[in-house]
Amino acid sequence: MEQFIQKLRSKGISVTPQRLAVLAALEHRRDHPTAEQIYREVRKQLPTISFNTVYKTLEVLCQKGLIIKVNPLHEVARYDSRTHSHAHLVCRSCHRIFDLERELPPLKLTPEELPPGFRVEHQSVIFWGLCPSCQKNQSH
Ligand SMILES: [Zn+2]
Ligand SMILES: [Zn+2]
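Computed from a prediction, not measured in an experiment: that's the story for all the values here.

Draft legend 1. Focus on the confidence of the model for the chain. On average, residues of the chain score 91 in pLDDT, and 97% of them reach the 70 mark or higher. The spread of mean pLDDT over the elements of the chain runs between strand β1 (residues 68-70), the lowest at 88, and helix α3 (residues 35-45), the highest at 96.

Draft legend 2. Molecular detail of the domain arrangement of the chain. For the chain, the domain assignment lists domain 1 (1-82) and domain 2 (84-140). Of the roughly 920 Å² buried between domain 1 and domain 2 on both sides combined, carbon and sulfur atoms contribute 55%. Here E101 makes a salt bridge to R82, at a shortest N to O gap of 3.2 Å. Linking domain 1 with domain 2 are eight residue pairs in polar contact (both at pLDDT 80 or more).

Draft legend 3. Seen up close, the coordination of the zinc ion (ligand 1). Here the zinc ion (ligand 1) is held by the protein donor atoms C91 (SG), C94 (SG), C131 (SG) and C134 (SG), which lie 2.2 to 2.3 Å from it. Classification of the site at the zinc ion (ligand 1) rests on its four donor atoms, whose angles at the metal span 106 to 114°, yielding the label tetrahedral. Motif for the zinc ion (ligand 1), donor spacing along one chain: C-x2-C-x36-C-x2-C. You can call C131 buried: its relative accessible area is 3%. The buried category is assigned to C134, whose relative accessible area is 7%.

Thresholds, definitions, all that
- Residues numbered from 1 in each chain as written.
- Chains lettered and ligands numbered in written order.
- Predicted model: local features only at pLDDT ≥ 70, side-chain atom pairs only at ≥ 80, totals over all residues.
- Heavy atoms only, no water.
- pLDDT = per-residue confidence, 0-100.
- Helix = DSSP H or I, 4+ residues; strand = E, 2+ residues; numbered from the N terminus.
- Domains from an automatic or database assignment.
- Buried area = accessible area lost by both parts, 1.4 Å probe.
- Salt bridge = Lys/Arg side-chain N within 4 Å of Asp/Glu carboxyl O.
- Polar contact = N/O pair within 3.5 Å; in protein donor to acceptor, adjacent residues only side chain to side chain.
- Donors = N, O, S within 2.8 Å, 3.2 Å for Na, K, Ca; no water.
- Tetrahedral: all angles 85-135°; square planar, octahedral: opposite > 155°, others 65-115°.
- Buried < 20%, exposed > 50% of the residue type's maximum accessible area, 1.4 Å probe, protein only.

Following this line, the structure appears as structure tokens:
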């Protein structure tokens, strides 16, 4: 808990039981859960919390950079407690998301190749493919 309290304080956000529970629920997961899955986890600790509160908490933590949102287009948002620059591998069939452990250097873009006035905020790299179990399912 102490580490989560430090994290919140370092970003100047007040420490609440809700925020602590959401950070704790995300910390050890590597499956990039949805808000719904995090909600189910957090409810074990805080039975009266609403989905809306969990969702808003996730948004605040994203805005402050304490977690990141992995957002494959046209899919529900998935959340990640690992905020270093890493690529994701997404199974196009079951939508499982895996981390690429290697840290990726940011691509250098020149102002000339960007739409005029566009300000890049972060780089997200996604590799699409089929996970081993979906490959197995497809072969028979
Ligand atoms: Zn799959
Ligand atoms: Zn990740």
